[in-house]
Amino acid sequence: MNALRTEAIRDVAQALETAQRGLSSERWPTKLPVRERIALLLDPGSWVEDGLLANALRDGLPADGVLTGVGRIEGRQVAVIAHDFSVKAGSWGELSCEKQVRILERADRDLLPVVYLVDSAGGRLTEQLGFFAGRRGASRIFQLQVRLSGRVPQICCLHGPSAAGGAYMPAFTDWVGMVRGNASMYLASPRVAEKVTGEKTTLEEMGGADMHTTVSGVGDEAFDHDWEVIAAARRLLSYLPSTYRERPAGQAARPPQTAHWPQSLIPTDPNASYDVRDVIDRVVDEDSFFEIKSTWATEMVTGLARLDGEVVGLVANQPSVRSGAIFVDSADKATRFILLCDAYNIPLVFLQDVPGFMVGVAIERQGIIRHGAKMVTAMASAEVPKLTVVLRKSYAAGTYAMCAPGFEPRATIALPTATIGPMAPEASTNAVYANKIAAIADPEERQRFIDERVAEQELELDLVGLASRLVVDTVVQPEDLRAELIARLADAEGWERSPWRRNHPVWPV
């Protein structure tokens, strides 16, 4: 072998070693190096990397700051995009965009779920024509993300910044987990925001993990460490099929966390508070509830769980927060979750305890009608099997949004504490008899009149009467609810989607 050939081989080996080694991450002691993140995410020995020598002729740009390839999670093949924060802050240049485009095109062609380990300061302004305006730049990445949406799961672990236009990468995914203290999403930095608007703020306040998971709703959950968000991503994928053509895989059934239903768990007083998660714990398999957006719009609880080993999606009103009324954000939260479940063939269970949509001048100006219509549209459009459970109160348009009988749930199941009506008896009495009540001068006589009318309203909404008119399909005791849901879902096992009928509804966005 001649000397030139030997030197070339030596150069290749050195380039490969340099790219594999990357740059030092010692300046960021709270962050795991990118290859350690990938090792935690994937099954051992399953990582197959592409484009390792991208930009190898330039110093200081190992792999051009982004790792792309394919690996396996619990034996299932997934595509991975992982930004290397030690290389130009994980910024996007022409070749790093090309690498991301290629792996997304592979996911599009082969229908692979995609996991994004995001830690990027945005586009490199020194290469702005490469990442910004070109046909293979950021716009192509977003185009492919949207094309993949609803066809394969897309999961984002946000370990650091996701800045400027790059902030949309997490926004196009199905779930965003953020690491406190490191992760952030923002279209403009605090410095730029101050220049444009005069506002003085901090990165955490404007785009940090706690803000996005409690205020904006762009993030789904906040975690304290890199390994925690990666573990959550692996767990979430276990509830989802690999593609829209499949159904979620079942697992061995487990009993619920507890089978005991205290009589006081769901109070008979419709105004008394309780935590709907206590109901969920008694219905689903033990430790199977994966809550989504647990700290945002908390008057609504959404999440995936297993019932007798099979995956279901739960949409539940939360009486312990704002009485479980539906607000603008909680309507959006439910809408997004319903769309996720319908996309990936996950049956839906609605747990109703709802006084209705929130009312008032402020909420009307926020567009509660429009946001409520979004939720109703998503629920009505979903073709997966739906089951409705009336735990206690089910009033006003909240009944509709939580899958009323007219929206074709497979069954409407009521507990003995259930009541359904256009509004609460007290409110109905005051609405219907307002003038009469005002005309009664004697306070005791007035209260007696109100109590009599309320009793009449309650009699009209009697649960036996509702069942006799087929408003509900069955009434079960709380301790029998789990078995009833399991039987109903088993009965719906052979469901199929209807033939294609239109492009899509015109959504009230």
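Every value quoted in this text rests on a predicted model; they were computed, and no experiment measured them. (Residues numbered from 1 in each chain as written. Predicted model: local features only at pLDDT ≥ 70, side-chain atom pairs only at ≥ 80, totals over all residues. Heavy atoms only, no water.)

## Notes on helix 11 (residues 276-283)
Among all positions in helix 11, only Val-276, Val-279, Ile-280, Arg-282 and Val-283 are buried. The arc enclosing the buried residues of helix 11, seen along the axis, measures out at 165°, which places them on a common side. Taken together, the buried residues of helix 11 touch strand 10 (300-307), strand 11 (310-317), strand 12 (348-354), strand 13 (386-395) and helix 20 (481-491). By the N-cap criterion, in which a side-chain oxygen at the helix start approaches the backbone nitrogen of a residue two or three places on, helix 11 is capped by Asp-275, the distance to Arg-277 being 2.9 Å. (Buried < 20%, exposed > 50% of the residue type's maximum accessible area, 1.4 Å probe, protein only. Helix = DSSP H or I, 4+ residues; strand = E, 2+ residues; numbered from the N terminus. Arc of directions from axis to C-beta. Contact = heavy atoms within 4.5 Å. Polar contact = N/O pair within 3.5 Å; in protein donor to acceptor, adjacent residues only side chain to side chain.)

## Let's talk about the packing of helix 3 (residues 94-110) against helix 5 (residues 138-148)
Close contact between helix 3 and helix 5 brings their axes to 9 Å; oriented N to C, the two are set at 20°. One element, helix 3, and the other, helix 5, form an angle in the roughly parallel class. For the pair helix 3 and helix 5, the sense of crossing is left-handed. Packed against helix 3, whose contacting residues are Cys-97, Gln-100, Val-101, Leu-104, Glu-105, Ala-107 and Asp-108, the element helix 5 presents Ala-138, Arg-140, Ile-141, Leu-144, Gln-145, Arg-147 and Leu-148 at the interface. Class assignment of the residues belonging to the contact of helix 3 with helix 5 gives a composition of eight nonpolar, two polar and four charged. (Axes fitted to C-alpha atoms, helices over the stretch in contact; angles between N-to-C directions. Parallel < 35°, antiparallel > 145°, perpendicular 65-115°, else oblique. Left-handed = near helix turned anticlockwise from the far one by under 90°. Nonpolar A, V, L, I, M, F, W, Y, C, P; charged D, E, K, R; others polar.)

## Some remarks on the packing of aromatic side chains
Under the definition given, this model contains seven aromatic pairs. Arranged with centres 6.3 Å apart and planes meeting at 50°, the rings of Trp-92 and Phe-142 form a pair that is tilted. In this pair, Trp-92 is assigned in the loop between strand 3 (76-83) and helix 3 and Phe-142 in helix 5, connecting sequence segments 50 residues apart. No difference in accessibility class separates Trp-92 from Phe-142, as the two residues are buried. When the ring centre of Tyr-239 is taken as reference, the NZ or CZ atom of Arg-306 above it lies at 5.3 Å. Seen from the ring of Phe-327, Arg-322 lies directly overhead, with NZ or CZ sitting 4.1 Å from the centre. (Phe/Tyr/Trp six-rings, centres within 6.5 Å; stacked < 30°, edge-to-face > 60°. Lys NZ or Arg CZ within 6 Å of the ring centre and 35° of its normal.)

## Side note on the side chain of Gln-145
Topologically, Gln-145 is positioned in helix 5. A relative accessible area of 0% places Gln-145 in the buried class. There is a polar contact of 3.4 Å between the side chain of Gln-145 and the side chain of Tyr-116. Beyond its immediate sequence surroundings of up to four residues, Gln-145 is in contact with Leu-104, Tyr-116, Gln-154, Tyr-168, Met-169, Phe-172 and Thr-173.

## Considering helix 9 (residues 209-216)
For helix 9, the complete set of buried residues consists of Ala-209, Met-211, His-212 and Thr-213. Its buried side turned inward, helix 9 meets strand 6 (175-179), strand 7 (184-186), helix 8 (203-207) and strand 8 (221-223). Gly-217 sits one or two residues past helix 9 and shows a positive phi near 80°.

## A short note on the nonpolar core
With 58 residues, the main nonpolar core has Trp-175, Leu-304, Val-315, Ile-326 and Leu-348 as its most contacted residues. For this core, the element with the highest residue contribution is helix 12 (residues 328-343), accounting for seven residues. Leu-304 has contacts with Leu-236, Tyr-239, Leu-240, Ser-288, Phe-289, Phe-290, Ile-292, Val-312, Gly-313, Phe-337, Cys-341 and Ile-346, leaving out every residue within four places of it along the chain. Counting residues in each nonpolar core, the second largest holds 30 residues, with Val-70, Ile-81, Ala-107 and Ala-222 among its members. (Core = buried A, V, L, I, M, F, W, Y, C linked by side-chain atoms within 4.5 Å.)

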